[in-house]
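Structural characterization, general
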Amino acid sequence: MLDSKQLRTDTEAVARNLARRGFTLDLDAFRALEDRRKAAQVEADRLRAERNANAKAVGMAKGKGEDASALLARGEQLTGELTAAEAALAAVQAESDGWLMGLPNLLHDSVPDGRDESANLEVRRHGTARAFDFTPLDHVDLGAKLGGLDFEAAARISGARFAVLRGGVARLHRALAQFMLDLHTGEHGYQEIYAPYLVSPEALVGTGQLPKFSQDLFAVQGERPFYLIPTAEVPVTNLVREQIVAPESLPMRYVAHTPCFRSEAGAAGKDTRGLIRQHQFDKVELVHIVKPEDSYAALEQLTAHAETVLQRLGLPYRVLALCAGDIGFGSAKTYDLEVWLPGQGKYREISSCSNCEAFQARRMQARWRNPATGKPEPLHTLNGSGVAVGRAMVAVLENYQNADGSVTVPEALRPYMGGLEVLRG
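None of these values were measured; they are calculated from a predicted model.

Cut-offs and rules
Residues numbered from 1 in each chain as written. Predicted model: local features only at pLDDT ≥ 70, side-chain atom pairs only at ≥ 80, totals over all residues. Heavy atoms only, no water. Core = buried A, V, L, I, M, F, W, Y, C linked by side-chain atoms within 4.5 Å. Buried < 20%, exposed > 50% of the residue type's maximum accessible area, 1.4 Å probe, protein only. Helix = DSSP H or I, 4+ residues; strand = E, 2+ residues; numbered from the N terminus. Contact = heavy atoms within 4.5 Å. Pairing = 2+ DSSP bridges. Arc of directions from axis to C-beta. 1 Å grid on protein atoms, 1.4 Å probe; cavity = no way out; pocket = protein on both sides within 12 Å on 5 of 7 lines; lining within 4 Å. Points joined across faces, edges and corners; volume = space filled by probe spheres on them. Nonpolar A, V, L, I, M, F, W, Y, C, P; charged D, E, K, R; others polar. Axes fitted to C-alpha atoms, helices over the stretch in contact; angles between N-to-C directions. Parallel < 35°, antiparallel > 145°, perpendicular 65-115°, else oblique. Left-handed = near helix turned anticlockwise from the far one by under 90°. Salt bridge = Lys/Arg side-chain N within 4 Å of Asp/Glu carboxyl O.

Quick look at the nonpolar core now. Counting 50 residues, the largest nonpolar core has Leu172, Leu176, Met180 and Val387 as the members making the most contacts within it. Sorting elements by how many residues they give to this core places helix α7 (residues 167-186) first, with 9 residues. Discounting residues that sit within four places of it in the chain, valine 387 has contacts with Met180, Lys283, Val284, Ala306, Val309, Leu310, Ile350, Ser351 and Ala392. By size, the runner-up hydrophobic cluster in this structure holds 17 residues, among which are Ile193, Val245, Met252 and Met364.

Next comes the structure, spelled out in structure tokens:
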């Protein structure tokens, strides 16, 4: 959520920033809403002051032995009027908060201009795409040869956009997740988190998925309102929800391996083949909770940690700075990592690393006590995939395939595969 004070005092600058995204801030609607809020606040304050003055007058009258019945009657009237005024203020404040919830984050100045992904800026590349002396298969055909990818069985169980993994392929998937967790906890200093897979609507409001992106979520029927998590970012970032964090406990760096559940409502017809876009997939997620002045250094660090996974696996990749028109709703700046997939002959996203600045923290009421001011102030939150397990498996299968349909196991994963060097059908 944006800083409401900044929105009120620097409205034109906020509008210009949001316009870079292609988002039009309705200034007339905002000013009309703000005028109503101010008027309701002034009226509630006036009635409260008059009621307090009246109560004081009642005390003075009684102290002098005077008849206070008129003052008491006026006090009752003022109490009723104040109750109505406070209800009106609460209503317009709720309307204002709801309006604020629909506004995306402000962009960092370094975010490149552009309306869509074609304007994303390549920052760097790592590794060279392998030259094959045979026509490389995609992961779907490789999985079939290995007997490890079963989409038909998944369709009978759950429908489209699900997969059953078998044998060595299932083990490879598990090995990748374990490798990532060990790397991030052992070398990068993250604390591992096991988090709930079901969360409340409030948790999703906190990280920005609700109310705007409800169509992308799976709601669970039951006595209590729950949603399946679309990413571990939701429960892990909400660890600091409604907390005031001591400065000496910062930064906090968390890693969690969870399944993720997405309806992909806005992706109809996209990536219908294979594992690239599934309703259920696994991800190892990285979350940083930091002081505001440290968040952009943390973004570079988080991105480097995700890159290390790809480097250790020997996978060619590139890093993109997302442009203003392609960046996520809650992000101030995002780097995408795209891994090379020879079966598709192009780079595909495998990680998205974002600095949300104070956007999520304001929604969660997540604060730290700034020793310079002694006051609670919003934290900065960051998140990124470290990395998507299924897409990493796709990249390993396609980049390490052999002419006979077997797949060489990357050296980094062999300790997690019982020393197995080659997957065969």
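From this point, the discussion proceeds with the structure in view.
With that settled, consider the pairing of strand β9 (residues 252-261). Of all 10 residues that make up β9, 8 are buried, and the element is covered over most of its length. Where strand β4 (residues 191-192) and β9 come together, 2 bridges link them in parallel fashion. In the strand pairing of β9, glutamate 192 is matched with valine 255. Inspection of the sheet shows β9 paired to strand β10 (residues 280-290) by 10 bridges, in the antiparallel sense. Note that in β10 the partner of cysteine 260 across the bridge is phenylalanine 281.

This paragraph deals with helix α2 (residues 11-20). Along α2, the residues classified as buried are Thr11, Val14, Ala15, Asn17 and Leu18. Taken around the axis of α2, the buried residues stretch over an arc of 165°, which confines them to a single face. Where α2 is buried, its residues touch α1 (4-9) and α3 (27-63). In the segment just after α2, glycine 22 is the residue with positive phi, at about 90°.

A separate point is the layout of surface pockets. Its volume calculated, the second largest pocket comes out at about 290 Å³. Of all the elements in the fold, those that place two or more residues in the lining of the second largest pocket are α6 (151-157), β3 (164-165), α7, β10 and α12 (389-399). In terms of residues, the lining of the second largest pocket owes the most to one element, β10, which gives 3 residues. For the lining of the second largest pocket, a count of residues per class yields 10 nonpolar, 5 polar and 1 charged.

Our next topic: the packing of α3 against helix α4 (residues 69-101). Contact geometry for α3 and α4: axes closest at 8 Å, N-to-C directions at 155°. The angle between α3 and α4 falls in the class roughly antiparallel. Where α3 crosses over α4, the two elements pack in a sense that is left-handed. Here the residues of the contact of α3 with α4 are counted per class, giving 16 nonpolar, 6 polar and 11 charged.

Let us now look at the pairing of strand β13 (residues 346-355). In the case of a regular strand, side chains alternate between the two sheet surfaces. Counting buried positions along β13 yields 7 of 10 residues, so the element is predominantly enclosed. In this sheet, β13 lies alongside strand β12 (residues 333-341) in antiparallel orientation, the contact comprising 9 bridges. Among the inter-strand pairings, lysine 333 is bridged to a residue of β13, identified as asparagine 355. Relative to strand β16 (residues 380-388), β13 runs antiparallel, the two sharing 3 bridges. The residue of β16 that forms the bridge with asparagine 355 is leucine 382.

In the contact formed by helix α5 (residues 139-146) and α12, the axes pass within 9 Å of each other and the chain directions differ by 75°. Relative to α12, the element α5 is oriented roughly perpendicular. Here His139, Leu142 and Leu146 of α5 lie close against α12, whose contacting residues are Val394, Leu397 and Glu398. Its residues assigned to classes, the contact of α5 with α12 shows 4 nonpolar, 1 polar and 1 charged.

Before going further, it helps to spend a moment on the sheet that holds strand β5 (residues 198-199). Taken together, the 3 strands give an open sheet; going across it, the order is β5-β7-β6, and neighbouring strands pair in antiparallel fashion. The sheet is open, and its two borders are formed by β5 and β6 (218-220), each paired with just one other strand. With 3 bridges connecting them, β6 and strand β7 (residues 226-228) associate as antiparallel partners. Counterpart to alanine 219 in the pairing with β7 is tyrosine 227.

Before going further, it helps to spend a moment on the pattern of salt bridges. Taken as a whole and judged by the stated rule, the model has 23 salt bridges. A salt bridge links arginine 318 to glutamate 122, with the nearest nitrogen and oxygen atoms 3.2 Å apart. Pair noted here: arginine 318 is in strand β11 (residues 317-321) and glutamate 122 is in strand β1 (residues 121-126), with a separation of 196 residues, a long-range link. Relative accessible area serves as the criterion here: at 33%, glutamate 122 is assigned to the partly exposed category. With its nearest N and O atoms 2.6 Å apart, the salt bridge here joins glutamate 307 to arginine 124. You can see glutamate 307 sitting in helix α10 (residues 295-313) and its partner arginine 124 sitting in strand β1, a full 183 residues away along the chain. Residue class for glutamate 307 comes out buried when judged on its relative accessible area of 5%. Taken together, the shared-partner salt bridges connect Glu43, Arg46, Glu50, Arg74 and Glu81 into one network.

Moving on to the environment of valine 164. The residue valine 164 is located in strand β3 in this model. Separated by 11 residues in sequence, valine 164 and alanine 153 have C-alpha atoms that sit 6.7 Å apart. Beyond its immediate stretch of four places on either side in the chain, valine 164 contacts Gly148, Leu149, Asp150, Ala153, Ala154 and Ile157.

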